[in-house]
Amino acid sequence: MERSAQSAASEAVTGLERRMPWLATIAAVSPFVGLFGTVMGIVDAFHGLGTAGSATLRAVAPGIAEALITTAAGLFVAVPALVAYNLFTARIRGYASACDDFCRELLNSLEEIPVRTTPAQRPANSEATREVDRGLYK
């Protein structure tokens, strides 16, 4: 029974953790995607600078704006994903602890229930025999 209870608790926790690696991956990778967009925006700004032939704000502004937008987008995705990952991890850890506690309490309760004996195994004229015959448990 102990192994069955532990297996059931483990399966429940594993089911909850099934998609957690995706959140962790999104939280870890999205700043780098934003950084890549930033680099590409800066490259575009330098390309605009080279095409215009003069160093004006009009030549570099679109590339710089794209760079800032991609940086913000990467952080906009990463921060909520990281917060959600930490929140869900803490809740799953609490749920796993509650499952383990419940399994232990259930097994302790089951161990306290006395085993019924057959009439041949019971001592004659004992108080325990009379209570078991009436269907009562101590």
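As shown above, the structure is provided for reference.
Residues numbered from 1 in each chain as written. Predicted model: local features only at pLDDT ≥ 70, side-chain atom pairs only at ≥ 80, totals over all residues. Heavy atoms only, no water.

Undergrad: Let's hear about the overall build of the protein: which residues, and what values?
TA: A tally of regular secondary structure across the protein gives 4 helices and 0 strands. When the helices and strands of the protein are placed in sequence order, the string is α-α-α-α. Summing over all exposed atoms, the protein offers an accessible surface of approximately 10,500 Å²; the carbon and sulfur share of this is 66%. (Helix = DSSP H or I, 4+ residues; strand = E, 2+ residues; numbered from the N terminus. Areas by Shrake-Rupley, 256 points an atom, 1.4 Å probe, with all protein chains shown as cover.)

Undergrad: Quick rundown of the packing of helix H2 (residues 20-52) against helix H3 (residues 57-112)? Include the residues and the values.
TA: A pair of packed helices is characterised by two quantities: the angle between their axes and the separation of those axes. Interhelical geometry of H2 versus H3 gives an angle of 175 degrees and a closest axis separation of 7 Å. Taken together, the axes of H2 and H3 are roughly antiparallel relative to one another. For the contact of H2 with H3, the per-class residue count stands at 22 nonpolar, 11 polar and 2 charged. (Axes fitted to C-alpha atoms, helices over the stretch in contact; angles between N-to-C directions. Parallel < 35°, antiparallel > 145°, perpendicular 65-115°, else oblique. Nonpolar A, V, L, I, M, F, W, Y, C, P; charged D, E, K, R; others polar.)

Undergrad: Describe the environment of Ala98, with residues and values.
TA: The residue Ala98 is located in helix H3 in this model. On a C-alpha basis, the gap between Ala98 and Ala9 in space is 9.5 Å, while along the polypeptide they are 89 residues apart.

Undergrad: Outline the pattern of salt bridges, supporting the account with residue identities and numerical values.
TA: Under the criterion given, the structure shown has 1 salt bridge. Residue Asp101 pairs with Arg104 through a salt bridge whose shortest N-O separation is 2.9 Å. Placement of the pair is Asp101 and Arg104 together in helix H3, with a separation of 3 residues, close to one helical turn. Look at Asp101 and you get partly exposed, because its relative accessible area is 36%. (Salt bridge = Lys/Arg side-chain N within 4 Å of Asp/Glu carboxyl O. Buried < 20%, exposed > 50% of the residue type's maximum accessible area, 1.4 Å probe, protein only.)

Undergrad: So what about a nonpolar patch on the surface? Which residues, and what values?
TA: A cluster of nonpolar residues, Met1, Phe102, Leu106, Leu110 and Ile113, forms a patch on the protein surface that exposes about 520 Å² of accessible area. Along the chain, Met1 falls in the segment before helix H1 (2-17). Its relative accessible area of 69% is what places Met1 among the exposed residues. (Patch = residues over 30% accessible without salt bridge, like charges linked within 9 Å, V, L, I, M, F, W, Y side chains within 5 Å.)

Undergrad: I'd love a proper account of H3, names of residues and values included.
TA: A turn of α-helix holds 3.6 residues, and therefore any two residues three or four places apart point the same way. Between its terminal C-alpha atoms H3 stretches 81 Å, which fits the 82 Å expected from 56 residues at 1.5 Å a residue. Within H3, burial applies to Ala59, Gly63, Ala67, Gly74, Ala78, Ala81, Ile92, Ala96, Cys99, Cys103 and Leu107. (Expected span 1.5 Å × (residues − 1).)

Undergrad: How would you sum up the nonpolar core? Please name residues and give values.
TA: Among soluble globular proteins, nonpolar side chains are generally buried collectively. Counting residues in each nonpolar core, the largest one holds 7 residues, listed as Val13, Met20, Leu23, Ala27, Ala81, Ile92 and Ala96. Going through the elements one at a time, H2 and H3 are the ones with two or more residues in this core. In contact with Ile92, not counting residues within four places along its chain, are Val13, Leu16, Glu17 and Met20. (Core = buried A, V, L, I, M, F, W, Y, C linked by side-chain atoms within 4.5 Å. Contact = heavy atoms within 4.5 Å.)

Undergrad: Got a sec to walk through the side chain of Thr38? Specific residues and values, please.
TA: Mapping Thr38 onto the fold places it in helix H2. A distance of 2.9 Å separates the side chain of Thr38 from the backbone oxygen of Gly34, its partner in a polar contact. Other than its neighbours up to four places away in sequence, Thr38 contacts Ala67, Thr70 and Thr71. (Polar contact = N/O pair within 3.5 Å; in protein donor to acceptor, adjacent residues only side chain to side chain.)

Undergrad: An account of the state of the cysteines is requested, with residue identities and associated values reported.
TA: For the coordinates displayed, the defined rule picks out 0 disulfides. The thiol sulfur of Cys99 is not disulfide-bonded, and the nearest other cysteine sulfur, from Cys103, lies at 6.5 Å. Residue classification places Cys99 among the buried positions, given a relative accessible area of 15%. (Disulfide = S-S within 2.5 Å.)

Undergrad: Quick rundown of the side chain of Ser30? Include the residues and the values.
TA: With respect to the element layout, Ser30 can be found in helix H2. Only 3.3 Å separates the side chain of Ser30 from the backbone nitrogen of Ala78, close enough to count as a polar contact. When near neighbours in sequence (up to four residues on either side) are disregarded, Ser30 contacts Gly74, Val77 and Ala78.

Just geometry here; none of it tells us what the structure is for.
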